[in-house]
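The chain contents come next:
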Amino acid sequence: MPRSTSSVTRRPATDAALGADPLDFTEAWLRNRRLSEHTRAAYRRDVTGWLGWCAGRDVDPLRVTFLDVNAYARDVESRVDPRTGRPLTPATVARKLSALSSWYDFLAKLRAVPVNPVAGADRPRLDRDHSATVGLSPDEVDALLAAAEADTGPNGARNRAAVTLLADLGLRVGELVSLDLTDLRTERGHRSVRFVGKGGRARRRALAPGTAAAVDAYLAARAAAAGVPVDRLDGPLLVTASGNRLDRHAVFRLVRRLARAAGLPAWAELSPHSLRHAFATTARAEGVPLEDVQDAMGHADPRTTRRYDRDRHNLDRDPAYAIWAARARRGS
């Protein structure tokens, strides 16, 4: 494997700069961040991948420059995503570099490195006005939910609850599978669910009547199968037949299976995130203020929420019509 073309020095055999285990620094960094378990696992993979890349080139991660980071980024950009058969998206590459940048910021604070080498690297340009996720129209969401309703298998009630939570709350798949039974609440007449979202932020969402009904039906079926009252159930909200927590990969497969059963043309390209996009687009089309959709989705930046709103360029929503109508009312 070719060595990096930068002027980085080789790591001396006696250099223990990263300690006995390079992941010791990584675990300390992760403990220092308020992150969801899913994000924590993704960041851990990103740093581990970078350390492996450095080791394969006999490059000391504490002595790299932005040139090495650029070489790594170009290498990552050329990799093929096994799920799609296409090169990794710029967003994926940018996320990996963002994780490394945070890691090096942490090391810089510990004075393990003089500067953050990712700061001067050439990161992929991201179109903040576009998302590569395949979205769904309201009719397509309804068709997918109908397919879930028609699912009569042993996990049918669980599947309906999972898809309904994704569609009605716009949850991230990691947020969905991390839910526990103790996260379900009743607050001032509202059925609700509390969870830790992206960035380690505690969040809560209301369960609409249909969403609550789907969850209740699933829990009733689960309790009956276990031969216990519903209030005796414990552990994860969504479980497998063996009682283990449902994982994100199973949810991916579920969404595509139901989409195929519903006859959706793009079923093979859909993901749980497609329902999150549909949530944002439908909410905005129904007149929900951008700020409320942003809060519901847990976005720190409203530009992210706007990117999820697939209907934002619809000329029916052009403010010119509202201005004209207001002027007409004043003149009448």
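For the structure itself, look to the data block above.
As the structure is a computational prediction, the values presented were derived from the model and not from experiment.

(A) Looking closely at the overall build of the protein chain. Summing up its helical and strand segments, the protein chain has 13 helices and 3 strands in all. Within the protein chain, the proportion of its 332 residues that are buried is 41%. Across the protein chain, every contact between residues at least 6 apart in sequence was considered, and the portion connecting residues at least 24 apart equals 60%.

(B) Fine view of the pattern of salt bridges. For the structure shown, the criterion picks out 14 salt bridges. Here D75 makes a salt bridge to R79, at a shortest N to O gap of 3.1 Å. One salt bridge in this structure joins R257 and D151, with 3.0 Å as the shortest N-O distance. On the criterion of sequence distance, the pair formed by R257 in helix α9 (residues 248-261) and D151 in the loop between α5 (138-149) and α6 (156-169) is long-range, its members being 106 residues apart. The class of D151 is buried, set by a relative accessible area of 14%. Here the salt bridges do not stand alone but share partners, grouping D46, R95 and K96 into one network.

(C) Local environment of the packing of helix α2 (residues 37-56) against helix α4 (residues 90-109). Packing of α2 against α4 leaves a shortest axis separation of 9 Å and a crossing angle of 85 degrees. Overall, the two elements α2 and α4 adopt an arrangement that is roughly perpendicular. When α2 is examined against α4, the residues Y43, D46, V47, W50 and L51 are found in contact with a partner set consisting of R95, K96, A99, L100, W103 and Y104. Within the contact of α2 with α4, the residues separate by chemical class into 8 nonpolar, no polar and 3 charged.

(D) Summary view of the packing of α5 against α6. For the pair α5 and α6, interaxial distance at closest approach is 9 Å and the crossing angle is 165 degrees. The orientation of α5 with respect to α6, classified from their angle, is roughly antiparallel. Every pair of crossing elements has a handedness; the one defined by α5 and α6 is left-handed. Of the residues in α6, those touching α5 at V141, L144, L145, A148 and E149 are R160, V163, T164 and A167. In terms of residue class, the contact of α5 with α6 is built from 6 nonpolar, 1 polar and 2 charged.

(E) Molecular detail of helix α3 (residues 66-77). The end-to-end C-alpha distance of α3, which contains 12 residues, comes to 16 Å, matching closely the 16 Å that a straight helix rising 1.5 Å per residue would cover. Taken together, the buried positions of α3 are occupied by D68, V69, N70, Y72, A73 and V76. Packing partners of the buried residues in α3 comprise α2 and α4.

(F) Layout of the environment of A266. Following the sequence through the fold, A266 ends up in the loop between α9 and α10 (272-285). What makes A266 partly exposed here is its relative accessible area of 24%.

(G) Up close: the sheet that holds strand β3 (residues 202-206). Reading across the sheet, the 3 strands line up as β1-β2-β3 and stay open at both edges, with antiparallel pairing between neighbours. Each edge of the open sheet carries a strand with a single partner, namely β1 (184-187) and β3. Neighbour-to-neighbour, the strand axes of this sheet turn through a mean angle of 35 degrees, independent of strand direction.

(H) Looking closely at helix α11 (residues 290-297). Among all positions of α11, only L290, V293, Q294, A296 and M297 are buried. Down the axis of α11, the buried side of the element spans an arc of 165 degrees, and every buried residue falls inside it. Looking one or two residues beyond α11, the residue adopting positive phi is G298, at roughly 75 degrees.

Rules used throughout
- Residues numbered from 1 in each chain as written.
- Predicted model: local features only at pLDDT ≥ 70, side-chain atom pairs only at ≥ 80, totals over all residues.
- Heavy atoms only, no water.
- Helix = DSSP H or I, 4+ residues; strand = E, 2+ residues; numbered from the N terminus.
- Buried < 20%, exposed > 50% of the residue type's maximum accessible area, 1.4 Å probe, protein only.
- Contact = heavy atoms within 4.5 Å.
- Salt bridge = Lys/Arg side-chain N within 4 Å of Asp/Glu carboxyl O.
- Axes fitted to C-alpha atoms, helices over the stretch in contact; angles between N-to-C directions.
- Parallel < 35°, antiparallel > 145°, perpendicular 65-115°, else oblique.
- Nonpolar A, V, L, I, M, F, W, Y, C, P; charged D, E, K, R; others polar.
- Left-handed = near helix turned anticlockwise from the far one by under 90°.
- Expected span 1.5 Å × (residues − 1).
- Pairing = 2+ DSSP bridges.
- Arc of directions from axis to C-beta.

So yeah, pure geometry; function would need other evidence.
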